[in-house]
Amino acid sequence: MKISDNDYYSSPEFLEILYEYENAESNGEPVFMDSDDLTDIADYYKFLGKKEKALDIIRQAAETFPDAIGPKLFMGHHSIEEGDLVKARQYDESIVDTGDIDYSYLHMRLLLAEHKYAEAHRFAFSAVSELDDNDHDDLLEDFASLYSEYDLDDEAMLLLSFVFDKNRTSVRMALAYCQAAQEHFDEAERMMNELIDSDAFNIDFWLGLATVQMMAGKIDDAITSCDYALAIDSNDNNAKAIKAECMANLDFDENIDEDLDEDFDK
């Protein structure tokens, strides 16, 4: 549903496709792949920050498979990110299979980018109404994440309340983030600590707690949570990044205090 998936990029399935593509390209040979594989490779290069490379691959896919949904979805998302909502709407309306889950994600994202919130709300419930339990919950979570990107946390929490499996870890974490975004920090921390109590060796839970604590301004606590995560896996890049951000915030606050002290001493 979402246009990048780190787990997929490291999977044997994707790595085999990527090797086939890069091997053919390096040898100057034609690439014989379907539109879905080419779109996945374009997504990967975009994830790496190689936007022009990704666009070249998508143009190739669109020329070879003019009716395929993958390149249209890619360009729809790309157009939204570039702020060209007119072009994004054109790609959106060119897709015939409007029952496709990935189309629903693009359409919802476009409606929110266009600030058509009432229409987005109606579409969200319409899009999930005929889905089975897993797809229903997955899409609601993705829609809720989009709402959160636009600081519409009440709407995000409302969607999450309609998820069938309320015990899904991802749902509980999303609700905790929504609570934190609404500055209900104590409740957000309580929810994250409940998850940690259920599995103290889950790095994502500790990083979720660190994120909530950082949002609450509890930088020392957030650093401690990062340290617990790093004790589980000292090479975890997310833990390192969050801790580095915490340390930078701590240094910034200390510098402000020093500047204030100097001002008072003058």
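Above this text you will find the structure in question.
The following refers to the structure shown. (Residues numbered from 1 in each chain as written. Predicted model: local features only at pLDDT ≥ 70, side-chain atom pairs only at ≥ 80, totals over all residues. Heavy atoms only, no water.)

A separate point is the overall build of the protein chain. Helices and strands together make up the secondary structure of the protein chain, namely 15 helices and zero strands. Each principal axis of the C-alpha distribution contributes one length, and for the protein chain these read about 70 × 45 × 45 Å. The buried share of the protein chain, taken over its 266 residues, is 40%. A separation of at least 24 residues holds for 50% of the contacts in the protein chain among residues at least 6 apart in sequence. Counting every atom, the protein chain has about 14,700 Å² of accessible surface; 48% of that belongs to carbon and sulfur. Both charge centroids of the protein chain, one from 20 positive and one from 65 negative side chains, sit 4 Å from each other. (Helix = DSSP H or I, 4+ residues; strand = E, 2+ residues; numbered from the N terminus. Buried < 20%, exposed > 50% of the residue type's maximum accessible area, 1.4 Å probe, protein only. Contact = heavy atoms within 4.5 Å. Areas by Shrake-Rupley, 256 points an atom, 1.4 Å probe, with all protein chains shown as cover. Lys, Arg positive; Asp, Glu negative; His and termini not counted. Charge placed at Lys NZ, Arg CZ, Asp CG, Glu CD.)

Moving on: the packing of helix α5 (residues 69–81) against helix α6 (residues 85–94). One way to put it is that α5 packs onto α6 with a least axis distance of 8 Å and a crossing angle of 160°. Classed by the angle they form, the pair α5 and α6 counts as roughly antiparallel. The handedness of the crossing between α5 and α6 is left-handed. Residue-level inspection shows Lys72, Met75, Gly76, Ser79 and Ile80 of α5 in contact with α6, the latter providing Leu85, Lys87, Ala88, Tyr91 and Ser94. Of the residues contributing to the contact of α5 with α6, the split by class is five nonpolar, three polar and two charged. (Axes fitted to C-alpha atoms, helices over the stretch in contact; angles between N-to-C directions. Parallel < 35°, antiparallel > 145°, perpendicular 65-115°, else oblique. Left-handed = near helix turned anticlockwise from the far one by under 90°. Nonpolar A, V, L, I, M, F, W, Y, C, P; charged D, E, K, R; others polar.)

Once that is clear, we can look at the packing of aromatic side chains. Under the defined criterion, the tally for this structure stands at nine aromatic pairs. Considering the side-chain rings of Tyr8 and Phe14, the 5.3 Å spacing of their centres and the 55° angle between planes classify their relative orientation as tilted. Residues Tyr9 and Phe14 carry aromatic rings whose centres are separated by 5.3 Å and whose planes lie at 50° to one another, so their mutual orientation is tilted. Across the pair, exposure class does not vary: Tyr9 and Phe14 are buried alike. Across from the ring centre of Phe74, 5.1 Å away, lies the NZ or CZ of Lys46, which sits over that ring. Over the ring of Tyr45 we find Lys53, and its NZ or CZ is 5.5 Å from the ring centre. (Phe/Tyr/Trp six-rings, centres within 6.5 Å; stacked < 30°, edge-to-face > 60°. Lys NZ or Arg CZ within 6 Å of the ring centre and 35° of its normal.)

Right, let's talk about the nonpolar core for a bit. A general trend in soluble globular proteins is that nonpolar side chains are found buried together. Formed by 26 residues in total, the largest nonpolar core has its most connected members in Met192, Leu207, Met214, Ile219, Ala229, Ile242 and Cys246. Those elements giving two or more residues to this core turn out to be α11 (169–181), α12 (185–198), α13 (203–215), α14 (219–232) and α15 (237–265). Sort the elements by how many residues they give to this core and α13 lands first, with eight residues. The residues touching Met214, leaving out its near neighbours within four places in the chain, are Ile219, Ala222, Ile242, Glu245, Cys246 and Asn249. Counting residues in each nonpolar core, the second largest holds 23 residues, with Met108, Leu111, Val128 and Cys178 among its members. (Core = buried A, V, L, I, M, F, W, Y, C linked by side-chain atoms within 4.5 Å.)

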